[in-house]
Amino acid sequence: MSPGCRNVRRLATTGLALLLLTAAGTAVPARSAEAAPAPLDRIVPAPASVRPGGEPYEITSRTVVRVPPGNPEAARIGGYLAGLLRPSTGYRLPVLPGGTDGPGIRLVLDEDTGDTGDTGDAGKGDEGGEGYRLSVTAHAVTISAREGAGLFHGVQTLRQLLPARAERTERQPGPWTVAGGVVTDAPRYGYRGAMLDVARHFFTVDQVKRYIDQLALYKYNALHLHLSDDQGWRIAVRSWPRLAGHGGSTQVGGGAGGFYSQDDYREIVRHAASRYLTVVPEIDMPGHTNAALASYARLNCDGVARPLYTGTEVGFSSLCVAKQDTYDFVEDVIGELAALTPGPYLHIGGDEAHSTGHADYAAFMERVQPVVARHGKTVIGWHQLAGARPAPGALLQYWGYGRTGAAERDQVVSAARAGAGLILSPADRAYLDMKYTKDTPLGLQWAGLVEVRQSYDWDPGGYLEGAPAEAVAGVEAPLWTETITTSAQLEYMAFPRLAGIAELGWSPRATHDWASYRVRLAAQGPRWDALGIAHYRSPQVAWPAP
Ligand code: ACM
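Because the structure is a prediction, the values reported are computed rather than measured.

## As for the overall build of the chain
When helices and strands are tallied, the chain shows 15 helices and 19 strands. For a compact globule of 546 residues, the expected C-alpha radius of gyration is about 24 Å, and the chain comes in at 24 Å, within 12% of that figure. With the principal axes as the frame, the chain shows a C-alpha extent of 75 × 50 × 45 Å. Expressed as a percentage of the 546 residues in the chain, the buried residues total 59%. Nonlocal contacts in the chain, meaning residues at least 24 apart in sequence, comprise 78% of its contacts between residues at least 6 apart.

In structure tokens, the structure reads:
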């Protein structure tokens, strides 16, 4: 399963600015021909329930955003919504505590919203408080939720009900009309992740924050950061400073690389939390460790530091399973990372350990998993961890595909039957770095070509035959960056497929339908244009003319 050759070419993005000018040259709001509001069900991910009807609501210069008094979190979400809409509408949109019976856009915290199980699907309720109800009348848009996460997801739904030009940062013509009716929504799965490989190529804090904002559009709730690999170590560890200082000093192709200081990492965690995403840090072990082996001679069985590595082949590196230094390193790295990470998970990799014997691999995982637990975190590992003994409560991230052998798949199914959880990232569906077609300039193709329909048209609940449905914790869309060096390239690979994986993770199985999805997806194109998000205009989707 080792990745093949990689060619990096660069993409250019263009920013489009739309300006309406009077004879005097000042920008004014004008009534647009596009007056009919977007249908209430034209949302990605598809809501659990949509009941259109009644009068639409129009955001005007008099609209206010009302939030519950004495609740800083709801006030912050109200401010976030107003901040999104002020530049394009040109309205003041003041955020007012209280008066939630009054007209306007109202955020309401309500114990009874979201946990009703009325999504009729996985039957897990809404443990994360992510459900919401959005009700639109001529008087008000009301978003109710049990918790801030639900209010935030409801705001994302409201964004999609407004014209795409609402996302622009220059003043645009109205009207700003939202169709009448009620959306009742809650996620199918509690884990909906996206992975960014910052090890093969380094991405700055600002680039990661930009991606977090894009993940929030589609109600993702986990950002998995692949923080270490053969080519780079990307997180400062105080007790082992050469990991970042030396191991972070290059990347694929030999560029300067980079790493996050602990404050940088905290900033990513803070920004992710403001968008209701948990950061899942990954230190990939015992393979994919050349950057660490290059940084400290004593981590190598022969006591000789390896040279830094800037290629893309995999499977040649291994921590020294027999040495106590290895477990001192694991203890310190996991301890510091756990202390920096408020989320419940720590990912320990475990994939492609082709230079670690099976017994050594199992012995290593027997010692490492309890370290994660001792620091208060739950283990996530790539699905090869099923070949050892997954710790109680561990989640296995399945990245197999059509050519994955039956024995390997069966091992994962058995582990799931024995209680391991599953995160589904089948490489021929969910890997955002696979080429769309043979002509895609970026990406790899070892798992096949992954066009938009191929990426969307599968069911996480039934994907691993024989695994209990309750074992499925959710889905994740990984983006490996052997060929990716810029945000524009990253976005081109992620969009549109990122939206489809989000729908598989959020929406009830009964709503999954390519024919309806491609219509809803087409409506996202102008939003991405408005947001300056580079994307692949797949011929499988009838995009509106740009
Ligand atoms: C992987 O793609 N090696 C998890």
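## Quick look at the sheet that holds strand β4 (residues 95–97)
One open sheet accounts for 7 strands, arranged β1-β9-β6-β7-β5-β3-β4; its pairing is mixed. Pairing within the sheet leaves two strands with one partner each, and these edge strands are β1 (49–52) and β4. Between one strand and the next, the sheet's axes are offset by a mean angle of 15 degrees, whatever the strand orientation.

## Re the packing of aromatic side chains
Under the criterion given, the structure shown has 25 aromatic pairs. Considering the side-chain rings of W382 and W480, the 5.6 Å spacing of their centres and the 40 degrees angle between planes classify their relative orientation as tilted. Linking W382 in strand β16 (residues 378–382) with W480 in the loop between β19 (472–479) and α12 (487–494), this pair joins segments that are 98 residues apart in sequence. For W382, a relative accessible area of 0% translates into the label buried. Here the guanidinium or amino end of R367 rests over the ring plane of Y327, the centre of that ring lying 3.7 Å away. Across from the ring centre of Y436, 3.7 Å away, lies the NZ or CZ of R497, which sits over that ring.

## Considerations on the pairing of strand β15 (residues 345–349)
For β15, a buried count of 4 out of 5 residues is recorded, marking the element as mostly surrounded by other parts of the structure. Alignment of β15 against β16, held across 3 bridges, turns out to be parallel. Each residue of the ladder has a partner; that of Y345, found in β16, is T378. With respect to chirality, the unit in which β15 leads through helix α8 (residues 358–374) into the neighbouring parallel β16 is right-handed.

## What about the state of the cysteines?
Applying the stated rule across the entire model yields 1 disulfide. Shown here is the disulfide that connects C301 with C320, its sulfur atoms set 2.0 Å apart. Residues C301 and C320 are joined by a disulfide whose S-S torsion is about 100 degrees; by sign, that bridge is right-handed. Pair noted here: C301 is in the loop between α6 (290–295) and α7 (324–340) and C320 is in the loop between α6 and α7, with a separation of 19 residues, a long-range link. Among the residues examined, C320 registers a relative accessible area of 3% and is labelled buried.

## With respect to helix α15 (residues 524–531)
Listed as buried for α15 are Q524, G525, R527, W528 and A530. Residues of α15 that are buried sit in contact with α2 (148–161), α13 (497–506) and α14 (514–522). Phi turns positive one or two residues past the end of α15, at G532, with a value near 70 degrees.

## Thoughts on the sheet that holds strand β11 (residues 222–226)
Sheet strands pair via backbone hydrogen bonds, and the direction of the pair is either parallel or antiparallel. Read around the closed barrel, 8 strands run β10-β11-β14-β15-β16-β17-β18-β19, paired in parallel fashion. Each strand of the sheet is rotated relative to its neighbour by a mean of 30 degrees, with strand direction disregarded. Where helix α5 (residues 262–274) meets the sheet, its contacts fall on β11 and β14 (278–285), and the angle it forms with β14 comes to roughly 135 degrees.

## Structural notes on the confidence of the model for the chain
Residue-level pLDDT values for the chain average 92, and 91% of them are 70 or greater. The least confident element of the chain is β4, whose mean pLDDT is 97; the most confident is β11, at 99.

Procedures and definitions
- Residues numbered from 1 in each chain as written.
- Predicted model: local features only at pLDDT ≥ 70, side-chain atom pairs only at ≥ 80, totals over all residues.
- Heavy atoms only, no water.
- Helix = DSSP H or I, 4+ residues; strand = E, 2+ residues; numbered from the N terminus.
- Rg over C-alpha atoms; globule rule 2.2 N^0.38 Å.
- Buried < 20%, exposed > 50% of the residue type's maximum accessible area, 1.4 Å probe, protein only.
- Contact = heavy atoms within 4.5 Å.
- Pairing = 2+ DSSP bridges.
- Axes fitted to C-alpha atoms, helices over the stretch in contact; angles between N-to-C directions.
- Phe/Tyr/Trp six-rings, centres within 6.5 Å; stacked < 30°, edge-to-face > 60°.
- Lys NZ or Arg CZ within 6 Å of the ring centre and 35° of its normal.
- Right-handed = clockwise from strand over helix to strand, strands pointing away.
- Disulfide = S-S within 2.5 Å.
- pLDDT = per-residue confidence, 0-100.

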